[in-house]
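Coordinate analysis (summary)
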Amino acid sequence: MEHLRRLAVVFAVPIRLKIVTELYQREMSPKQFYEEFGGGSVARVAQHFERLRKTGWLRNVRNEGPGGARRGATETIYRATDLAFCDRDTWTVLPYSIRAAFSWNAFEEIAEQLRRPMEALTFQVRPGSHLTGSRLLLDQVGYLRVAETMVHEFAWQYEEQEDAQRWVFHTGEELFRVGTLLLAFESPIHDEQQVGPVLAGGEELMIPFPVRVSKVFEDEVCMQIIDEANRGEASVPLFHAKFGKRFDLDRNAIRRRFKKLVDFGWLRMVGCETGGRRRGAVEKFYRATGPAFYDEDKRGPWANVPDALASAADWKTFVQLSKWAKDAAATGTLNRRDDLCLALPILSLDQQGWENVIGSLGQLLALIRKEEDLVRARMRKSGETPIAMVAALGAFETPMPIKEP
């Protein structure tokens, strides 16, 4: 739970997630961050920096000044210590419905991150930019090899970023922002395939997803309630009877948490009963909610696509990837395995770093194609039932984020 509580600090305010993500790429002061990304005021941004420093997300790299543009002030420069994401150990303990919502939200974020450079015409500006995606039929060995290679690629790319930043310190070369796409998830074999717990329908809320998640991560009781609501219908009396003594909570304290989870879209009431042991009271029953799907042509990153973008080959490739991802999320295969990869790292690289990343992605694509051939040979002998995997790779230059008020 300690890692989840730390994540709750970052997710509680959307700008904190942007701070940690950006400062994992480069060092910045609160003033520099405000001038580039906004955030209300320098003082407000500095408060978020301090909160993140106290909880171990930021470290003080050095102090600069006084003098120059700072006049008599001293400017503190920070770097992020980690990326704010769930590692595999943390991911495996999350209730299924949280993983399902987390994964679909991650894919929507990826869609937005891909659309921006395509519309800004930076997507294909550098030689070697590409987007590939395919649906593979693999055996268990092949699936694990591809998934593990994706995870290694993700970690290696951040090492390449560190090398680039050290190198340009000597050369003076300008770094540029690069996005890389790494997708690997299980796809349903049959249209009628359905796996995982029965979830209530989710609904789209105006509350940012990281804020919704933070309300669960900061409270172990909320996490347990959602876990129970994944296993079957949950109610305040049932939860109190099972966990009241363990958490030392009365019914009112539990009822307040149920209400909070309803308000933040994690639970939905599915029925109520009266009579018997309830006497005159009404017992409400809840289930955990699934991801909120909507018509992609009308809402979200896929809506109102300009004709020029809609006809582009890379966008068409991503539309197909989106269909596969939605089908996987709806049937439950997207989160059936713990080794899924949904990542779009944003890196600061020099030209050599870019060429190294392009070369590494090319080798990864060759490995995937070779694995397909090896799988066919193995499965002719083993007779193993195939597993469908969607695998996608990409690399492109991406514009700077839009400055907030």
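Residues numbered from 1 in each chain as written. Predicted model: local features only at pLDDT ≥ 70, side-chain atom pairs only at ≥ 80, totals over all residues. Heavy atoms only, no water.

So, the overall build of the chain
What the chain contains, in helices and strands, is 14 helices and nine strands. Taking the principal axes of its C-alpha atoms as reference, the chain extends roughly 80 × 70 × 40 Å. Classification of the 405 residues of the chain by burial places 49% in the buried group. Pairs at least 24 residues apart make up 77% of the contacts formed inside the chain by residues separated by at least 6 positions. Surface summary for the chain: the accessible area is close to 19,900 Å², and the carbon and sulfur share equals 51%. Once the 56 positive and 56 negative side-chain charges of the chain are each reduced to a mean point, those two points are 6 Å apart. (Helix = DSSP H or I, 4+ residues; strand = E, 2+ residues; numbered from the N terminus. Buried < 20%, exposed > 50% of the residue type's maximum accessible area, 1.4 Å probe, protein only. Contact = heavy atoms within 4.5 Å. Areas by Shrake-Rupley, 256 points an atom, 1.4 Å probe, with all protein chains shown as cover. Lys, Arg positive; Asp, Glu negative; His and termini not counted. Charge placed at Lys NZ, Arg CZ, Asp CG, Glu CD.)

What to know about the nonpolar core
Core analysis: the biggest nonpolar cluster contains 81 residues, and Phe-217, Trp-266 and Phe-318 have the highest contact counts within it. Sort the elements by how many residues they give to this core and helix 6 (residues 96–120) lands first, with nine residues. Beyond its immediate stretch of four places on either side in the chain, Trp-266 contacts Ser-97, Ile-98, Ala-101, Phe-209, Arg-212, Val-213, Val-216, Ile-226, Leu-261, Arg-287, Ala-288 and Thr-289. Ranked by size, the runner-up nonpolar core spans 32 residues in total, among them Leu-83, Cys-341, Met-379 and Leu-393. (Core = buried A, V, L, I, M, F, W, Y, C linked by side-chain atoms within 4.5 Å.)

Here's the deal with helix 8 (residues 209–217)
With eight of its nine residues buried, helix 8 lies for the most part within the structure. For helix 8, the complete set of buried residues consists of Phe-209, Pro-210, Val-211, Arg-212, Val-213, Ser-214, Val-216 and Phe-217. Considering only its buried residues, helix 8 is in contact with helix 1 (2–11), helix 2 (14–23), helix 6, helix 9 (220–231) and helix 11 (251–263).

Overview of the side chain of Asp-339
Relative to the helices and strands, Asp-339 is located in the loop between helix 13 (313–331) and strand 7 (341–343). Here Asp-339 falls in the buried class, since its relative accessible area comes to 8%. Sequence-distant contacts of Asp-339, defined by excluding residues within four places in its chain, comprise Arg-88, Tyr-143, Leu-144, Ala-147 and Ala-184.

A few points about the packing of aromatic side chains
A complete count under the given rule lists 24 aromatic pairs for this structure. Relative to Phe-396, the ring of Phe-123 has its centre 4.6 Å away and its plane inclined at 20°; by these criteria the two rings are stacked. In this pair, Phe-123 sits in the loop between helix 6 and strand 3 (130–138) while Phe-396 sits in strand 9 (residues 387–397), placing the two residues 273 residues apart along the sequence. The side chain of Arg-6 reaches across the aromatic face of Trp-57, ending 4.1 Å from its centre. Over the aromatic face of Trp-266 sits the side chain of Arg-212, whose NZ or CZ is 4.3 Å from the ring centroid. (Phe/Tyr/Trp six-rings, centres within 6.5 Å; stacked < 30°, edge-to-face > 60°. Lys NZ or Arg CZ within 6 Å of the ring centre and 35° of its normal.)

Notes on the packing of helix 7 (residues 140–171) against helix 14 (residues 351–382)
Between helix 7 and helix 14, whose axes approach to 10 Å, the crossing angle comes to 175°. When the axis of helix 7 is compared with that of helix 14, the two are roughly antiparallel. Counted by class, the contact of helix 7 with helix 14 contains eleven nonpolar, seven polar and five charged residues. (Axes fitted to C-alpha atoms, helices over the stretch in contact; angles between N-to-C directions. Parallel < 35°, antiparallel > 145°, perpendicular 65-115°, else oblique. Nonpolar A, V, L, I, M, F, W, Y, C, P; charged D, E, K, R; others polar.)

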